[in-house]
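Topology and contacts: notes
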Amino acid sequence: MTAPATPLTQLPAWKALEAHHKAIAFQHLRHLFAEDPARGTRFAVEAEGIYLDYSKHRITDETLKLLLQLADQSNLRARIDAMFRGDKINITEDRAVLHIALRAPKGAVINVDGKNVVPEVHEVLDRMAAFSNRVRGGEWKGHTGKPIRNVINIGIGGSDLGPVMAYEALRHYSRRDMTFRFVSNVDGTDFAEATRDLDAEETLFIISSKTFTTLETMTNAHTARQWALAKLGDEKAIAKHFVAVSTNGAEVTKFGIDTANMFGFWDWVGGRYSMDSAIGLSTMLAIGPDNFHQLLAGFHAIDDHFRTAPFEQNLPVLMGLLTVWYTDFFDAQTVAVLPYDQYLKRFPAYLQQLTMESNGKHVTLSGARVNYETGPIFWGEPGTNGQHSFYQLIHQGTRLIPADFIGFSKTLNPLGNHHDLLMANVFAQTEALAFGKTAEQVQAEGTPDWLVPHRVFEGNRPSSTLLLNELTPESLGKLVALYEHSVFTQGAIWQIDSFDQWGVELGKVLAKKIIGELAAKNSPTDHDSSTNTLIARYRKQRG
Ligand code: G6Q
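The sections below set out a description of the structure shown in this document. Quantities reported herein were computed from a predicted structural model and do not represent experimental measurements.

Read from one edge to the other, the open sheet built from six strands follows the order 1-2-13-12-10-11, with strand pairing classed as mixed. Among the strands making up the open sheet, the edge pair consists of strand 1 (44-47) and strand 11 (377-379). Sheet twist, expressed as the average angle between the axes of neighbouring strands with direction ignored, equals 15 degrees. Bridge analysis of strand 10 (residues 334-339) against strand 12 (residues 403-408) gives four bridges, and the strand direction is parallel. By the bridge assignment for strand 12, Ala 336 is matched with Ala 403. Against the sheet, helix 14 (residues 315-329) contacts strand 1, strand 2 (50-53), strand 10, strand 12 and strand 13 (463-468), and its axis sits at roughly 30 degrees relative to strand 2.

This is the structure we're talking about:
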């Protein structure tokens, strides 16, 4: 067990940070920048082609020193080593946490229970590549002999959010003559709308489910089976139009998919950490095996950086520590993620699961209730759209909302001066948030006195800027790995298990009971009065 024996709030660095926070809470970024003209370059790190400017944060050298001490006193180094070694750090599920093995190069050795898992990872990657090449090359034919033009991934949560996000992010690199869709919701509308204009003869379903028992996915998979059979009229068609991504061969066979058409992964890959496992099959079909390997190379570069870089130059460590700083010392409740790239429109939604399912925990590894805040709410929208909606609250509301701005120096779609306009907004927003506009400045513009308070920007609103060169498969891999390891860093400090998700269980169990009740003769009476009434009303209106 590598978690520190001392409760977090008893660590000397934590106590020192509490005292230090009182001293710097009222210091303004205007002042911090004025007294140190080099601040903008001193509080910046570059690694693996990613430039992180964290100078517009409410920190000083002392803050950084104490946060780094907190990382040391939290045994972060030992916890990182434990993850990379394949220790069972997901203690409540007794599992190793080895998404890093999914992108390890061929020769690497990572043992789980004494067995090197890297060869198996590459075996699956090779099978995925062979399959993708056959489908993309038109060699894999549907039941009636037509090539596959449409790919539908059916999965939910970790078996959906990564694939959708990656497809949208890498659309530029994708096969434009093929259609890729993603069905996750048990709401029949999702399936109906995804398939309504598709020709079953040209459609391939990927049933992505680690367990192959998830209610939503299995319901959609069975509906897909019926849809395909109704159009193709032959059980034999299933073998040509359905493949599975799962760890559960027995259930895959039961469903009617030959395990020859199954791509496996392992229990040491958490759902929300699985987009670079076989769960990424739709991504590989879209962008091709070479680009998929570039994506993996990006992940791996940041894995190496996280494992080896000194903490003061370690991007995910710094990002994670800053999140802890605001969450626990400034009582910030949320973090805004603001990608200035239209292709990253699903990135905030992807990060919501990664961060909130990982660190939305209130119990430490030793089972005690925490007496500090853990995982903040992550949210966001691509810029510049958000500027015309919720940025008002970030600029002038009463809450402190640290924000991550993500931008690229080069655009994939050069159109006039669009990209300069886009990036000018990144720089302008972080500047406005940090420095604001004083009453004196507003007055000097001739603003009437009564209007001045409304037009003042207090500033002192913190942000990071992540500047990358260009959105490529490799840079996407890097970006995702950055957040994965930032989440790890936060979880290590908070002494929680970032890799389980017991909080999703209760609703599932109750839904199972209610499903039966909705079909029963009479409405149930054994719930609370609210649930009983809602069920009865629904049954009545449904007819
Ligand atoms: C992720 C969670 C969860 C999971 C889904 C789908 O970390 O475990 O989102 O990915 O519930 O599970 P299956 O892949 O087993 O269908």
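In space, the five strands of this open sheet follow the order 6-5-7-8-9, with parallel pairing throughout. Edge strands, defined here as strands with exactly one partner in the open sheet, are strand 6 (179-183) and strand 9 (262-264). In this sheet, neighbouring strand axes are inclined to one another by 20 degrees on average, regardless of whether the strands run parallel or antiparallel. Across five bridges, the pairing between strand 5 (residues 150-154) and strand 7 (residues 203-208) is parallel. Bridge assignment links Val 151 to a residue of strand 7, and that residue is Leu 204. Strands in contact with helix 9 (residues 215-232) are strand 5, strand 6, strand 7 and strand 8 (242-246); relative to strand 7, the strand with the most contacts, it is inclined by about 160 degrees.

This brings us to the packing of helix 14 against helix 20 (residues 473-494). Relative orientation of the contacting elements helix 14 and helix 20 amounts to 50 degrees, with a least axis distance of 8 Å. Considered as vectors, helix 14 and helix 20 are oriented oblique to each other. In the packing of helix 14 onto helix 20, the handedness of the crossing is right-handed. Where helix 14 abuts helix 20, its residues Leu 315, Pro 316, Val 317, Met 319, Gly 320, Leu 321, Thr 323, Val 324, Thr 327 and Asp 328 lie against Leu 482, Tyr 483, His 485, Ser 486, Thr 489, Gln 490, Ile 493 and Trp 494. Of the residues belonging to the contact of helix 14 with helix 20, the class tally is ten nonpolar, seven polar and one charged.

Attention shifts here to the site of the ligand. Taken together, 13 residues lie around the ligand, and Ser 159, Ser 209, Thr 211, Thr 214 and Gln 353 are the ones closest in. Contacts to the ligand include Glu 357, whose side-chain N or O atom sits 3.4 Å from an oxygen atom. Among the residues making up the shell around the ligand, the classes are represented as one nonpolar, nine polar and three charged.

Along the polypeptide, Asp 341 turns up in the loop between strand 10 and helix 15 (347-359). In this structure, Asp 341 is buried with no salt-bridge partner, the nearest side chain bearing the opposite charge being Lys 345 at 10 Å. Of the polar contacts made by the side chain of Asp 341, one reaches the backbone nitrogen of Tyr 343; its length is 2.8 Å. Contact partners of Asp 341, with chain neighbours within four places excluded, come to Pro 382, Phe 408 and Leu 471.

This part is about helix 20. For helix 20, built from 22 residues, the straight-helix expectation of 32 Å at 1.5 Å per residue is met to within 8% by its first-to-last C-alpha distance of 32 Å. In terms of burial, helix 20 is largely enclosed, as 21 of its 22 residues are buried. Once helix 20 finishes, Gln 495 follows within two positions and takes phi at roughly 60 degrees, a positive value.

Assignment of secondary structure puts Gln 392 in helix 16 (residues 391-396). Relative accessible area serves as the criterion here: at 49%, Gln 392 is assigned to the partly exposed category. C-alpha of Gln 392 to C-alpha of Lys 210: the two residues are 182 residues apart in sequence and 41 Å apart in space.

Here we come to the pairing of strand 13. Judged by how many residues are buried, strand 13 sits mostly within the fold: five of six residues are covered. Bridge count between strand 2 and strand 13: three bridges; the pairing is antiparallel. Residue pairing for strand 13: Asp 53 is matched across the bridge by Thr 465. Bridge count between strand 12 and strand 13: six bridges; the pairing is parallel. Residue Ile 406 lies in a different strand from strand 13, and its bridge partner there is Leu 466.

The buried count for strand 7 comes to six of six residues, which makes it a mostly enclosed element. Both faces of strand 7 are covered, namely the face carrying Thr 203, Phe 205 and Ile 207 and the face carrying Leu 204, Ile 206 and Ser 208. One ladder, built from four bridges, connects strand 7 with strand 8; its direction is parallel. Opposite Phe 205, over in strand 8, you have Phe 242 as the bridge partner.

The end-to-end C-alpha distance of helix 1 (residues 12-24) is 18 Å, a good match for the 18 Å that 13 residues give at a rise of 1.5 Å each. Taken together, the buried positions of helix 1 are Ala 13, Trp 14, Leu 17, His 20, His 21 and Ile 24. For helix 1, the angular spread of buried residues about the axis comes to 120 degrees, placing them on one side. More than 90 degrees from the buried face of helix 1, the exposed residues found are Pro 12, Lys 22 and Ala 23. Packing partners of the buried residues in helix 1 comprise helix 4 (61-73) and helix 14.

About the cut-offs
Residues numbered from 1 in each chain as written. Predicted model: local features only at pLDDT ≥ 70, side-chain atom pairs only at ≥ 80, totals over all residues. Heavy atoms only, no water. Pairing = 2+ DSSP bridges. Helix = DSSP H or I, 4+ residues; strand = E, 2+ residues; numbered from the N terminus. Axes fitted to C-alpha atoms, helices over the stretch in contact; angles between N-to-C directions. Contact = heavy atoms within 4.5 Å. Parallel < 35°, antiparallel > 145°, perpendicular 65-115°, else oblique. Left-handed = near helix turned anticlockwise from the far one by under 90°. Nonpolar A, V, L, I, M, F, W, Y, C, P; charged D, E, K, R; others polar. Near = heavy atom within 4 Å. Polar contact = N/O pair within 3.5 Å; in protein donor to acceptor, adjacent residues only side chain to side chain. Buried < 20%, exposed > 50% of the residue type's maximum accessible area, 1.4 Å probe, protein only. Lys, Arg positive; Asp, Glu negative; His and termini not counted. Salt bridge = Lys/Arg side-chain N within 4 Å of Asp/Glu carboxyl O. Expected span 1.5 Å × (residues − 1). Arc of directions from axis to C-beta.

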